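Results of the structural survey
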Amino acid sequence: MSQEPIIFYDIPSAVVKDSAWSPNTWKTRFVLNYKGIAHKTVWVEYPDIARVCQEIGAAPTSTTEDGSPLYTLPAIHDPSTKTSVSDSAAIARYLDKTYPDTPVVIPAGTAALHAALDTAIATTVQTRLLKVMMLPTNNQLNPVSEAFFRRTREERLGKLEALSPPGPIRENNWAEVRKALGTVAQWMAANGEETSFFLGDTIRYADIVVAGWLVWVKKVYGPDSPEWADVKTWDGGKWARFMESFEVYEVVKA
């Protein structure tokens, strides 16, 4: 297939280098880079996500409490097939099917396994990360997105500043994140072999999901921050080694 660059829709930061910070959109960015698929980034502020998704024909990924459609990023539009796809897992499946000559991230027969792992990782890691990530995430957004993000998150979570105030509460929150990642490390080691990733020594989508949550910490707090330095020491330095494997794919293409 003669491929035109895929249009990849992402959310910009006001301060993060190269602008990319979102854990969910990084999952798709990692997949595109890992596969070597040509793409270009279109930056979309939070209040514009629904309109842009509707314009390109990307489906809502969920519904709000009142039952109205909820549009989120990542989303892609593939000019070569005139197809738009939303949701990082759905995008990964689409890219595997449409570009079979690129590295496969969800091998045949593992779609159910990957769906279960995606949910398990979110339940285990994401839920703990939210408390320590919401306020710094909010603070690195452009003003128009910051106002939207704060309003919509505080409707569900309460005041962002109260989620992880300095002191014992924040220390406990980080301890919970460390415990959660320790659980993931145990899952990876369950086959009794010294492997780098869930299914051996080859990166698959479940690994990309974990990398998406970890790169969120790295980008929002900063690669030289004490928070990221701590994460890299956990589980015998596993997460430092794990993320080193993704550095070649941690690239933002304009």
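Everything in this summary refers to the structure shown in the same document. Quantities reported herein were computed from a predicted structural model and do not represent experimental measurements. (Residues numbered from 1 in each chain as written. Predicted model: local features only at pLDDT ≥ 70, side-chain atom pairs only at ≥ 80, totals over all residues. Heavy atoms only, no water.)

Glancing now at the packing of aromatic side chains. Each pair of aromatic rings is reported with the distance of its centres and the angle of its planes. Under the counting rule described, the total for this entry stands at twelve aromatic pairs. Relative to Phe246, the ring of Phe197 lies with its centre 6.4 Å away and its plane at 90°, an arrangement referred to as edge-to-face. Within this pair, whereas Phe197 is found in the loop between helix H6 (168-188) and helix H7 (205-221), its partner Phe246 is found in the segment after helix H8 (226-244), the two being separated by 49 residues in sequence. The pair formed by Phe197 and Phe246 is uniform in burial state, with each residue classed as buried. Linked through ring pairs, Trp26, Phe30, Phe197, Trp239, Phe242 and Phe246 together constitute an aromatic cluster. (Phe/Tyr/Trp six-rings, centres within 6.5 Å; stacked < 30°, edge-to-face > 60°. Helix = DSSP H or I, 4+ residues; strand = E, 2+ residues; numbered from the N terminus. Buried < 20%, exposed > 50% of the residue type's maximum accessible area, 1.4 Å probe, protein only.)

Here four strands make up an open sheet; going across it, the order is E2-E1-E5-E6 and the pairing mixed. Each edge of the open sheet is held by one strand with a lone partner, namely strand E2 (39-43) and strand E6 (83-86). Each adjacent strand pair in this sheet contributes to an overall mean axis angle of 20°, direction not counted. Taken together, the five bridges between strand E1 (residues 6-10) and E2 define a ladder with parallel strand orientation. Bridge assignment links Tyr9 to a residue of E2, and that residue is Val42. (Pairing = 2+ DSSP bridges. Axes fitted to C-alpha atoms, helices over the stretch in contact; angles between N-to-C directions.)

Another aspect to go through is the nonpolar core. Formed by 76 residues in total, the largest nonpolar core has its most connected members in Leu95, Trp239 and Phe242. When residues in this core are grouped by element, the largest group, twelve residues, is from H7. Excluding its chain neighbours within four sequence positions, the residues that come into contact with Trp239 are Leu181, Val184, Ala185, Met188, Val210, Leu214, Val231 and Trp234. (Core = buried A, V, L, I, M, F, W, Y, C linked by side-chain atoms within 4.5 Å. Contact = heavy atoms within 4.5 Å.)

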